[in-house]
Amino acid sequence: MENAKLKIDLKALYNNARFLLEETGGGVIATVKNNAYNFGLERAVNTFYEAGIRNFATTSLKEAIKIRDLYENVYILMLNPSDDFDTLRKYRISSSIANLDWLKTHKDDMKDISWHLEWAGMMRRSGCRSEDEFMESLDFAQKNNIAIDGIWTHFSWADEFDKNNSYEKEKENWLNIEKKACEKYDFKFIHAQNSASFCRDGKLPEHSHVRVGIILYGCPGYENWEYQGKIQHAIEVSAEVIAINDLLDGQSIGYCSSFIASKDSSISQDGKTHVAVINIGYGDGILRKRVIGHDVEINYKRYPLVSMMMSHTVALVDEDVKIGDKVYFYKDTIPVFEFTYKGVGANSEQISALNFNSLDVEYVD
C-alpha cells in the first residue's frame, strides 16, 4: 500500500507565471505568503523567478528575509506593516504603512526604507480609511523625507457577484483615490488587484502591477473566466483503496454510524452496497466540507464520498473498484477550484490545509 500523496507541478507554476507576465506586460507582484500558499516558499519563489518575476509580496518578515537570502535582485514587499526598521533596512525589504497615526508615531525611524501606503477600502484590515487621511499621509511623508514608492489596496469583493455590485463600488472608490494621489505624486508601484480582480478586468489602467496569488498556483479567480484554460492546475492529491466492504441493509461505517446502508444506497449493478475505505482523512488536511456530498475520481470515474475519519475516507463504489486502486481528491480533471465554486471553501483554504508531514510530497520540475 502506498501512502497518500501530494504532487506539486512546478512546471504549471512556471507556465502560469509566464502567462501572467505576458498578459500584464511584466507587471506582476507574486504573493507568496503563508509558505507560498503551502506550495513551499523556496520552490515557488525559485520557479517564479525562473519565469521572470522579480517582485514578491508576503505578510511575514521571516519569509521576506528568506526571499532576500535567495535573491539579491528582487523587490520584496511586506503587506503587513513592520516596525522592525533595522531589519527592513538590512535586507532591503519594503513595508506597508498602517495609517496616518502609525506614520506620525514612527516618522523618525522610517528613513532609508521603501514604503507603500495602503487604502483600507472595504477590507478594512489596515490602511487609511478616508481620502483626507490618505492624502495627508502622502503630504506628511514628503515633508519628512519618507520614501513612498507605492500605493495599494485589496479588493475584498472581487470574487463575488452580489446584487449590490460591491466590487464595482469599492473599485470606483479606489480609482478616485488613486487618481488624486497620482495627480500630486509619482509612484513606482500602483497595485490593487488580486487574482479575481485581474480575471474580471485585466490590469487596471494606470496601475503598474497586479498583485496576484491563487491564480499563480493554478486556480482561476472565478468560474467561467474567459482565459480559464490558460491557467494550469498545479496539485494532485491521491490515496489508495485499502479495503472494500459490502454492507447489508442497516449496517454502518464510520464514526457514529456516519453512513448507513439501505436498499437504495447501492450504485452497483449487483445491488450490493459496496464501500471503499481510502487511506486519507482530515488529519492529512482534507477539509470535512470537501467530503460529504462531493466526489473522488477512481479509474476515470466519479464516486461519492459518504464518510470521513482522521486517517480515512469512505466512498460509495461499484464492482469496478478494487483494492489498490488510486483515488484522486484533486487533479486536473477534478480541480481544487471546482469545489470552491461548490462552496467547500476558498482555493487557498483547501490547499493550505494539506499536511506536508503526513502526506508523501513530490515536486515535479
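Residues numbered from 1 in each chain as written. Predicted model: local features only at pLDDT ≥ 70, side-chain atom pairs only at ≥ 80, totals over all residues. Heavy atoms only, no water.

Visitor: Just to check I follow, could you spell out the sheet that holds strand β8 (residues 189-191) for this structure?
Guide: Hydrogen bonding along the main chain pairs the strands of a sheet, whether they run parallel or antiparallel. With parallel pairing, 8 strands are arranged side by side in an open sheet as β8-β7-β6-β5-β4-β3-β2-β9. Strands at the two margins of the open sheet, each flanked by one partner only, are β8 and β9 (210-212). Averaged over neighbouring strand pairs, the angle between their axes works out to 25° when direction is ignored. Two strands pair when backbone bridges link them, and strand β6 (residues 115-118) and strand β7 (residues 148-152) are joined in this way by 4 bridges, in the parallel orientation. Following the sheet pairing, H116 is matched in β7 by G150. (Pairing = 2+ DSSP bridges. Helix = DSSP H or I, 4+ residues; strand = E, 2+ residues; numbered from the N terminus. Axes fitted to C-alpha atoms, helices over the stretch in contact; angles between N-to-C directions.)

Visitor: Would you explain the UniProt feature "binding site: substrate" (unreviewed entry) in the chain in this entry?
Guide: With numbering matched to this structure, UniProt assigns "binding site: substrate" (unreviewed entry) to R125 and M310. The greatest C-alpha distance among the annotated residues, which extend across 186 residues, is 34.2 Å, indicating that they are dispersed rather than converging on a single site. Position of R125 relative to the elements: it lies in the loop between β6 and α7 (131-143). For M310, the location among the structural elements is in the loop between β15 (301-308) and β16 (313-317). If we ignore the near neighbours within four places in the chain, the residues touching M310 are Y255, G281, Y282, G283 and D284. (UniProt positions renumbered as here; feature names shortened; annotations may be inferred. Contact = heavy atoms within 4.5 Å.)

Visitor: Whenever I open this one, the environment of S195 confuses me. Can you help?
Guide: Position of S195 among the secondary structure elements: in helix α9 (residues 195-201). In this structure S195 comes out as buried when scored by relative accessible area, which is 3%. Distance from S195 to S265, taken between C-alpha atoms, is 41 Å for residues 70 residues apart in sequence. Once residues within four sequence positions are removed from consideration, S195 is found in contact with V212, G213, I214, I215 and G221. Of the polar contacts made by the side chain of S195, one reaches the backbone nitrogen of I214; its length is 3.4 Å. (Buried < 20%, exposed > 50% of the residue type's maximum accessible area, 1.4 Å probe, protein only. Polar contact = N/O pair within 3.5 Å; in protein donor to acceptor, adjacent residues only side chain to side chain.)

Visitor: Is there a simple way to explain the domain arrangement of the chain in this structure?
Guide: Many structure descriptions define interface size as the accessible area lost when the parts assemble. Domain parsing of the chain yields domain 1 (10-217) and domain 2 (235-363). For domain 1 and domain 2, the distance between their C-alpha centroids amounts to 38 Å. Each side of the interface is counted separately: domain 1 has 7 residues, and domain 2 has 9 residues. Regarding the contact of domain 1 and domain 2, the summed buried area is about 720 Å², with carbon and sulfur atoms giving 69% of it. Among the residues of domain 1 in contact with domain 2, N38, F39 and I214 are the three that bury the most area, contributing 64% of the side total. For the interface between domain 1 and domain 2, the tally reads 4 residue pairs in polar contact (both at pLDDT 80 or more). Per-class residue counts for the side of domain 1 that touches domain 2 are 4 nonpolar, 2 polar and 1 charged. (Domains from an automatic or database assignment. Buried area = accessible area lost by both parts, 1.4 Å probe. Nonpolar A, V, L, I, M, F, W, Y, C, P; charged D, E, K, R; others polar.)

Visitor: Explain the packing of helix α3 (residues 41-51) against helix α4 (residues 61-70) here, please?
Guide: Any two packed helices are characterised by how steeply their axes cross, that is the angle between the axes, and by the distance between the axes. Contact geometry of α3 with α4 gives a least axis separation of 11 Å together with a crossing angle of 50°. Relative to α4, the element α3 is oriented oblique. Our pair here, α3 against α4, has a crossing hand that is right-handed. Residue-level contacts link L41, E42, V45 and N46 of α3 to E63, K66, I67 and L70 of α4. Of the residues contributing to the contact of α3 with α4, the split by class is 4 nonpolar, 1 polar and 3 charged. (Parallel < 35°, antiparallel > 145°, perpendicular 65-115°, else oblique. Left-handed = near helix turned anticlockwise from the far one by under 90°.)

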